Amino acid sequence: GQQLNQSPQSMFIQEGEDVSMNCTSSSIFNTWLWYKQEPGEGPVLLIALYKAGELTSNGRLTAQFGITRKDSFLNISASIPSDVGIYFCAGRRDGGSNYKLTFGKGTLLTVNP
Amino acid sequence: DAGITQSPRHKVTETGTPVTLRCHQTENHRYMYWYRQDPGHGLRLIHYSYGVKDTDKGEVSDGYSVSRSKTEDFLLTLESATSSQTSVYFCAISERTGDSGANVLTFGAGSRLTVL
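Remember, it's a predicted structure, so these values are computed and weren't measured experimentally.

> What am I meant to see in the overall build of chain A here?
Check the secondary structure of chain A and you find 0 helices and 11 strands. When the helices and strands of chain A are read in sequence order from the N terminus, they spell out β-β-β-β-β-β-β-β-β-β-β. Computed over the C-alpha atoms, the radius of gyration of chain A is 13 Å, within 12% of the 13 Å expected from 2.2 N^0.38 for a compact globule of 113 residues. Summarising its shape, the C-alpha atoms of chain A cover approximately 40 × 30 × 20 Å along the three principal directions. Every one of the 113 residues in chain A was classed for burial, and the buried ones make up 44%.

> Any chance you could explain unusual backbone geometry here in plain terms?
Backbone phi values are negative for most residues with the exception of glycine, while trans is the configuration of most peptide bonds. Backbone torsion omega between A:Ser7 and A:Pro8 reads -5°, so that peptide bond is classified as cis. Take A:Pro8: it is sitting in the loop between strand S1 (4-7) and strand S2 (10-14). Of note, the amide linkage connecting B:Ser7 to B:Pro8 takes the cis form, showing an omega dihedral of -10°. Along the chain, B:Pro8 turns up in the loop between strand S1 (4-7) and strand S2 (10-13). Even without a glycine there, the phi angle at A:Arg69 is positive, about 70°.

> Quick question: what am I supposed to make of the pairing of strand S7 (residues 65-70) of chain B here?
One face of the sheet, then the other: side chains in a regular strand alternate in exactly this way. Residue and element names in this part refer to chain B. Across 4 bridges, the pairing between S7 and strand S8 (residues 73-78) is antiparallel. Residue pairing in the sheet places Lys70 in a bridge with Asp73 of S8. What sits between the antiparallel neighbours S7 and S8 is a turn of 2 residues.

> For this particular structure, what's the right way to read the nonpolar core?
Soluble, globular proteins show a tendency: their nonpolar side chains are buried together. In terms of nonpolar packing, the biggest core is built from 21 residues, with A:Trp34, A:Leu74 and A:Leu109 touching the most fellow members. Of all the secondary-structure elements, those providing two or more residues to this core are S2, strand S3 (19-25), strand S4 (31-37), strand S5 (44-49), strand S7 (61-65), strand S8 (71-76), strand S9 (85-92) and strand S11 (107-112) of chain A. In this structure, A:Leu109 is in contact with A:Met11, A:Ile13, A:Val19, A:Ile76, A:Asp83, A:Val84, A:Gly85 and A:Tyr87, ignoring residues within four places of it in sequence. Core analysis: the next-biggest nonpolar cluster, separate from the first, contains 19 residues, B:Val19, B:Met32, B:Ile46 and B:Tyr64 among them.

> Got a minute to help me understand the packing of aromatic side chains in this structure?
For any two aromatic rings, the description comes down to two numbers: the centre-to-centre distance and the angle of the planes. With the rule as written, the count across this model stands at 12 aromatic pairs over all chains. Considering the side-chain rings of A:Phe29 and A:Trp32, the 5.1 Å spacing of their centres and the 65° angle between planes classify their relative orientation as edge-to-face. Accessibility classification places A:Phe29 together with A:Trp32 in one group, the buried group. With centroids separated by 5.6 Å and ring planes inclined at 85°, the aromatic side chains of A:Tyr35 and B:Phe107 adopt a geometry described as edge-to-face. Note that A:Tyr35 is positioned in strand S4 and B:Phe107 in strand S10 (residues 102-107), a pairing that runs across two chains.

> Just checking my understanding: could you explain the confidence of the model for chain B for this structure?
Looking at chain B as a whole, its pLDDT mean stands at 92, while 93% of the residues score no less than 70. Confidence, expressed as mean pLDDT per element, reaches its minimum in chain B at S10(B) with 83 and its maximum at S8(B) with 98.

Rules of the game
- Residues numbered from 1 in each chain as written.
- Chains lettered and ligands numbered in written order.
- Predicted model: local features only at pLDDT ≥ 70, side-chain atom pairs only at ≥ 80, totals over all residues.
- Heavy atoms only, no water.
- Helix = DSSP H or I, 4+ residues; strand = E, 2+ residues; numbered from the N terminus.
- Rg over C-alpha atoms; globule rule 2.2 N^0.38 Å.
- Buried < 20%, exposed > 50% of the residue type's maximum accessible area, 1.4 Å probe, protein only.
- Pairing = 2+ DSSP bridges.
- Core = buried A, V, L, I, M, F, W, Y, C linked by side-chain atoms within 4.5 Å.
- Contact = heavy atoms within 4.5 Å.
- Phe/Tyr/Trp six-rings, centres within 6.5 Å; stacked < 30°, edge-to-face > 60°.
- pLDDT = per-residue confidence, 0-100.

Below you can see the structure in the form of structure tokens.
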């Protein structure tokens, strides 16, 4: 099946620092999604990207759809303790078929106050 | 809020026993999904449904069956649970969200299953 390489696997940062994580693939995707999962909860959608080169923000979060369509990036600025969680990327090749979503393995973010 | 309820939220069972997890949604969504989440593997699709009595396999369907007799309920059954099925199981629905009406997955809170 399709593979998504998400990195880093984990990050330990100080409050106030900026964070960057990314997903790469050998396949082209038409949609990139970024989710956050907090302990004991299901993943929650943060940002959805639909066009190559697209840059979208949601508060302190900014995500980009790579020009090659094979990668995506998520940045968090001025991190705070509540940013702690697992961040997942997901890629979809078909425009409307969510059963074809491929998920990365996640980036575990720890923020030290 | 997509109105997704998973039950039970936690279950401990023994190898060889049958287990059924239930996903209930209140907003008449057509598509429903079952995923499992394991360390080092992320989220993997088990089965999905595209309507009442219409289901199909995902990438890790062996050992699992599903049923959807009503739009609002999607059941995941482990006929004979094994230790390798110890996992956290998530139900999800497809819904359109945001100004663009983007079609994305929305997840339930999960069901943690331990098979001893």
